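# Observations on the model geometry
Next come the chains, spelled out residue by residue.
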Amino acid sequence: MASRSTSLLTLILLLIPSFLERFQVEALQMERIALLKFKAGLEDPTGRLSSWVGEDCCRWEGVDCSSGTEHVIKLDLRNPYQPSEAEFPSSRLVGQISDSLLDLKYLNYLDLSSNDFQRNPIPNFFGSFERLSYLNLSRAAFSGMIPPHLGNLSNLLQLDISSSSSYEGTWVSDLNWLSGLSSLEYLNLGSVNLSQAQDYWPEAVNMLPSLLELHLPGCQLNNFPQSLPFVNFTSLKVLNLNDNQLEASMPGWLFNVSTLVELRLRTAQMKGPVPLDAWGNLCSLKVLDLSGNSISDAGIEFVDSLSTCSNSSLEELLLGRNLFSGQFPDSLRYLTNLRLIDVSENQLHGQLPTSLGHLKNLQSVDLSRNELSGLIPDSIGNLDHLRYLDLSDNLIYGLIPPSIGRLLLLEELDLSHNIMNGTITGTIGQLKELHTLQLDWNPWTGAVSEIHFMGLTNLEYFSLYLSPATNNSLVFDTKSDWIPPFSLKVIIIGNCKLSSTFPDWLGTQKELYHIILRNVGISGAIPEWLWKLSPQLGWLDLSRNQLRGKLPTPLSFGTSHGWCMADLSSNRLEGPLPLWYNVSYLRLGNNLLSGPIPSNIGDLSSLRVLALFGNLLNGSIPSSLSKLKYSRIIDLSDNHLSGKIPYNWNDTEMLNILDLSKNRLDGEIPSSICSMHIIYLLSLSNNNLSGELSPNLLNCTGLNSLDLGNNRLSGEIPKWMGERMGLLTQLRLRGNMLTGNIPQQLCGLSDLRILDLAHNNLSGSMPPCLSHLSALKFRVMLDTPLDDLYADYYTERMDLVVKGKEMEFQRILSIVKLIDLSSNNLLGEIPHGITNLSTLGTLNLSQNQLTGEIPEDIGAMQGLETLDLSSNRLSGRIPLSMSSITSLSHLNLSHNLLSGPIPTINQFQTFNDPSMYEGNLGLCGIPLSIQCSTPNKDEGDENEDDEDGWKMSWFFTSMGLGFPVGFWAVCGTLALKTSWRHAYFQFVDEAKNRLYVLIECSSFQKENGKRWWNSWLKRMM
């Protein structure tokens, strides 16, 4: 019996390995099948899973197996490329995740990051991978609620389910499931919407005692509790709350986490004040990022407490884009481990700190956009590890210190937008690693020569664009046969003297894609080598030179930079208009181009801006122009174009600006011209357009500026213009044949700054409601979309009559405030309410039939510079209040029925031209030859002084004569007549008694007596 049992046991022992081996093979086969099912649910554009063939799945790309059991323990299918790399999109695995992965029982590492799972939710079954210690699902295009089942992964050490942006739509309802991840060391929920759990997120995270890194950027948090019952994550090294809306100051408990190495609160809407002393508790801190929070009411003195740490661990100090004020603390010198400092876009002032030269580990310094002044300290040359230095947009003056040539590792140098002067030091030529050099907008003088570039073998970006005010004070002095040691990709030079012709050395730069040579004095023909670069050019600006010759056509520019800009305006170029393909912004204005616009110009489908103003182009406007459906600006003004405006504008849905002014166009305004509802500037002035203001303009509801002046338009001004065009700031209809009344609806245009209806046949009275034009009552600068978007591509122009002269306004048009109703048939009085327009600069009502008096309170219009009321039938006196308008520099009251004296004070002392008063037979006084017969009461306070002096002279003269006469008349009578003498002295005794009683009166009576006395004095005076 025992022998049989022994044999059975032996048989079982012999079969177990075979059984286990078979089970192992079946388990491995099951894992292999699971992976193949997973692969079947995915699209693999670049063949990343092409190795997934054969029996041994452990050899497949991205699959790792245990060395002992050969079970799949790791699946790493992250995208091998970064989002910034061109290969990234095509390298993503696309599709859904199969639940077959559940058969990977031994999986402890899963990375599916940077793929595209098409906004499907994260599978709930991921919570069943009990062995997982690493799970990365970041930037994988998941959406929906993050399953709380992930809280079952008790062995998880790292969890990353961050999104590339909040638009991917992952969110949580609460964070209670985090308590199950007791071993978690790394947690990243970046861009996951935590708004529903934000009241409890600190408590939930506080339950993770092993947590080392917490990343919650862009999670829509607006709660940062100022206190916690206890702090459990005492091992925390990294806290990242960037890009939230915390709206809180630094909580005190944060400074008890002494293990912190990185604290990132960029653009988290943190508030001040920043604690000054508590930072000394964070002596392990290496990275402090408070940038982009607009923290104000404080300096950066808090770095003093950071410098008290004996090890000076801080390596990165990021405080940019706040409102920190004051100066750099001297304690900065003690942060000797600093590698990066960024305090840009603050309000720091004072001189550049010399202590910067003591921080020899610095690699990057950004102090731009502050109010720092003084010289660049010579100690800057001690920073021999420095790679990036940006001191732009400050008030730094003086020379570049020669010691800057010792920064042999420097790669980027930006000193632009300061007030540095003198010559540029030649030691810059020693910066052999420099690839970006920006010296713009400084008043440099002297010369730039080969010495400045001698060792710049890596230079790729060079910018030296000066202010036009420097008057080309900087000269490039290079030899004609100079061959630069660098190969530039970007060159920007402006308002300097580069050369009289295209310098030959530029022809050696074969990698250029961005060229700006604006107002640099070059003339002659554009060399052929430049046009050969066109396939790679993204920006070409040769404007404001004296270039001549014809432009090549056709030509194709580069597309690798997204869009292309070509500006050759303000030269002497001639010949036909070229067709340049792939150009988005084409400016050829102010040249001598002639001939018709090519009929196939609509083929330039990339055009966003077409600016051909100020040439000699003729013929009709091609109908294909309306095919430019992406165009934002079309400016064909100031040419010789004729014929009718094309009728079909329906496809130009993005057009914002259409300027066809100063041509010879005729016919009516097309009905489709306002099919693009977003158009906000329409200028058709100075043509021969006819017809009425069609209701088709009703669709131009977004118009900001409408100029139809100097045409042959007829009919009435439609009422709907004031009802539907509520955004108008400029309305110019002068020089047409418009009739009827001025519609009161125009008064509803609260933003209207320019109203020019002059030289029409308008009748009726001036609308009293003109006083409601709010923009003419307050000193408010009205921004327009043009100011923000297209200031560099279009200069708005308008001809206006100001100070008696017609002038073209451009750059300052946005501050002009004008009402011109001259040369019409307006009747009635000037509305008194118009004096409420206190910021109106020009008021011209001349050559009408206005009657009545000039409003008495016209002096309230303190902004007036031009007032023209000539050639009307105004009567009465010139209001004295007009003399208080100190800004008034042009006045014309001629040919009216005014009477009385002309004021002679304040501004009227400068009006010496009699013609401004002529034709008023009742006026008198300077500067007219007719003298006033009576004293001029209107001369005001100045003449009152003379009148008072004359009165005082008469007073003392009369007193001198009257005293002896009065004395002897009274005293002589008392001496001769006894009865009168007794009566007199009796009166004196009674008066004495009354005076005594008066002295003894109460204070109340004294006060009343004083009031009576003062009132009596006033009457006497």
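A tally of helices and strands in the protein chain yields 9 helices and 63 strands. Across the 1021 residues that make up the protein chain, the buried fraction comes to 51%. Relative to all contacts within the protein chain whose residues are 6 or more apart in sequence, the contacts with residues 24 or more apart total 59%. Surface summary for the protein chain: the accessible area is close to 46,800 Å², and the carbon and sulfur share equals 52%.

The next subject is the state of the cysteines. In total, this model carries 4 disulfides according to the counting rule given. Between the sulfur atoms of Cys283 and its disulfide partner Cys309 the distance amounts to 2.2 Å. For the disulfide bridge between Cys283 and Cys309, the dihedral angle about the S-S bond is near -80°, and by the sign convention the bridge is left-handed. In this pair, Cys283 is assigned in the loop between strand E13 (262-264) and strand E14 (287-289) and Cys309 in the loop between helix H3 (303-306) and strand E15 (316-318), connecting sequence segments 26 residues apart.

We now examine the environment of Ser883. Tracing the chain through its elements places Ser883 in the loop between strand E60 (875-876) and strand E61 (890-892). Residue classification places Ser883 among the buried positions, given a relative accessible area of 4%. Counting along the chain gives 22 residues from Ser883 to Ile905, while the straight-line C-alpha distance between them is 6.5 Å. Excluding its chain neighbours within four sequence positions, the residues that come into contact with Ser883 are Ile905, Asn906, Gln907 and Phe908.

Below, the discussion takes up the sheet that holds E60. A sheet is described by the order of its strands in space; here 3 strands give the open sequence E60-E62-E63, paired in parallel fashion. Each edge of the open sheet carries a strand with a single partner, namely E60 and strand E63 (922-924). Where strand E62 (residues 897-901) lies against E63, 3 bridges are found, and the strand directions are parallel. From the neighbouring strand, Gly900 faces E63, where its bridge partner is Leu923.

Quick look at the pattern of salt bridges now. One pass over the full model with this rule turns up 24 salt bridges. Measuring nitrogen to oxygen at the nearest pair gives 3.0 Å for the salt bridge that ties Arg266 to Asp243. Placement of Arg266 in the loop between E13 and E14 and of Asp243 in the loop between strand E12 (238-240) and E13 is noted, with a sequence separation of 23 residues between them. Measuring nitrogen to oxygen at the nearest pair gives 3.1 Å for the salt bridge that ties Asp820 to Arg734. Placement of Asp820 in strand E56 (residues 818-820) and of Arg734 in the loop between strand E50 (730-732) and strand E51 (737-740) is noted, with a sequence separation of 86 residues between them. For the pair shown, Asp820 and Arg734 are each scored as buried.

The next thing to look at is the pairing of strand E41 (residues 616-619). Across 3 bridges, the pairing between strand E39 (residues 592-596) and E41 is parallel. Paired with Gly595 across the strands is Leu617, a residue of E41. Here 2 bridges tie E41 to strand E43 (residues 640-644), and the two strands are oriented parallel to one another. What sits directly across from Gly619, in E43, is Leu641.

Ranked by size, the top nonpolar core spans 255 residues in total, and within it Phe126, Trp279, Leu464, Trp580, Leu697 and Tyr917 carry the most contacts. When neighbours within four sequence positions are excluded, Tyr917 is seen to be in contact with Ile878, Leu891, Leu893, Ser894, Ile902, Phe908, Phe911, Leu923, Pro927 and Leu928. Ranked by size, the runner-up nonpolar core spans 14 residues in total, among them Tyr465, Met565, Ile633 and Tyr794.

Residues shown with low pLDDT carry predicted positions that ought not to be read at fine detail. Mean pLDDT over the protein chain works out to 87, with 87% of the residues at or above the 70 mark. The low-confidence segment residues 963-1021, where pLDDT is below 50, has 9 contacts with residues more than four positions distant or belonging to other chains.

Turning next to the pairing of strand E53 (residues 761-765). Looking at chain direction, E51 and E53 are connected through 2 bridges and run parallel. Counted as the bridge partner of Thr739 is Asn761 from E53. The sheet contact formed by E53 and strand E57 (residues 825-827) spans 3 bridges and is parallel. Counterpart to Ser765 in the pairing with E57 is Leu827.

Together, Leu375, Leu395, Tyr397 and Ile419 make up an exposed nonpolar region whose accessible area comes to about 370 Å². For Leu395, a relative accessible area of 43% gives the class partly exposed.

With that settled, consider the sheet that holds strand E20 (residues 371-374). Strands sit in the order E16-E18-E20-E22-E24 across an open sheet of 5 strands; the sheet is parallel. Strands with a single pairing partner mark the edges of an open sheet, and in this sheet they are strand E16 (325-326) and strand E24 (419-420). Pairing between strand E22 (residues 395-398) and E24: 2 bridges, direction parallel. Across the sheet, Tyr397 pairs through a bridge with Ile419, a residue of E24.

Following Thr553, the chain continues to Pro554 via a peptide bond in cis, the omega torsion being -5°. Following the sequence through the fold, Pro554 ends up in the loop between strand E33 (546-550) and strand E34 (555-556). Cis geometry is found at the peptide bond from Ile926 to Pro927, where omega equals 10°. The residue Pro927 is located in the loop between E63 and helix H7 (940-976) in this model. Of note, Glu70 is a non-glycine position whose phi angle comes to about 65°, a positive value. Relative to the assigned elements, Glu70 resides in the loop between strand E2 (63-65) and strand E3 (72-76). Exposure remark for Glu70: the relative accessible area of 45% places this residue in the partly exposed category. In this structure, Asn906 takes a positive phi of about 50° despite not being glycine.

The subject of this paragraph is the packing of aromatic side chains. On inspection of all chains with the given rule, the structure shows 24 aromatic pairs. Judged by centre distance (6.1 Å) and plane angle (50°), the ring pair of Phe302 and Phe324 falls under tilted. Within this pair, whereas Phe302 is found in the loop between E14 and H3, its partner Phe324 is found in the loop between E15 and E16, the two being separated by 22 residues in sequence. For Phe302, a relative accessible area of 0% translates into the label buried.

This paragraph deals with the side chain of Asn370. Position of Asn370 among the secondary structure elements: in the loop between strand E19 (364-366) and E20. Among the residues examined, Asn370 registers a relative accessible area of 7% and is labelled buried. Here the side chain of Asn370 touches Val343 through a polar contact of 3.0 Å, landing on its backbone oxygen. If we ignore the near neighbours within four places in the chain, the residues touching Asn370 are Val343, Ser344, Glu345, Asn346, Gln347, Leu348, Asp393 and Asn394.

Bringing the side chain of Thr835 into the picture now. Note that Thr835 resides in the loop between E57 and strand E58 (842-844). Within the structure, the side chain of Thr835 is placed 2.8 Å from the backbone oxygen of His832, a separation counted as a polar contact. Side-chain polar atoms of Thr835 contact the side chain of Asp857, separated by 3.4 Å. With residues near it in sequence (within four places) discarded, Thr835 still touches Pro855, Asp857, Ile858, Ala860 and Met861.

Our focus in this paragraph is a negative patch on the surface. Taken together, the side chains of Glu829, Glu853, Glu856 and Asp857 present a region of like negative charge at the surface. By the element assignment, Asp857 lies in the loop between E58 and strand E59 (866-868).

Summarising the element assignment, Pro646 is placed in the loop between E43 and strand E44 (657-659). Of the residues examined, Pro646 reaches a relative accessible area of 9% and is grouped as buried. The sequence separation of Pro646 and Ser624 amounts to 22 residues, and the corresponding C-alpha distance is 8.8 Å.

What follows deals with the environment of Ile926. Looking at the element boundaries, Ile926 is found in the loop between E63 and H7. Given the relative accessible area of 58%, Ile926 is considered exposed.

Conventions used here
- Residues numbered from 1 in each chain as written.
- Predicted model: local features only at pLDDT ≥ 70, side-chain atom pairs only at ≥ 80, totals over all residues.
- Heavy atoms only, no water.
- Helix = DSSP H or I, 4+ residues; strand = E, 2+ residues; numbered from the N terminus.
- Buried < 20%, exposed > 50% of the residue type's maximum accessible area, 1.4 Å probe, protein only.
- Contact = heavy atoms within 4.5 Å.
- Areas by Shrake-Rupley, 256 points an atom, 1.4 Å probe, with all protein chains shown as cover.
- Disulfide = S-S within 2.5 Å.
- Pairing = 2+ DSSP bridges.
- Salt bridge = Lys/Arg side-chain N within 4 Å of Asp/Glu carboxyl O.
- Core = buried A, V, L, I, M, F, W, Y, C linked by side-chain atoms within 4.5 Å.
- pLDDT = per-residue confidence, 0-100.
- Patch = residues over 30% accessible without salt bridge, like charges linked within 9 Å, V, L, I, M, F, W, Y side chains within 5 Å.
- Phe/Tyr/Trp six-rings, centres within 6.5 Å; stacked < 30°, edge-to-face > 60°.
- Polar contact = N/O pair within 3.5 Å; in protein donor to acceptor, adjacent residues only side chain to side chain.
- Lys, Arg positive; Asp, Glu negative; His and termini not counted.
- Charge placed at Lys NZ, Arg CZ, Asp CG, Glu CD.

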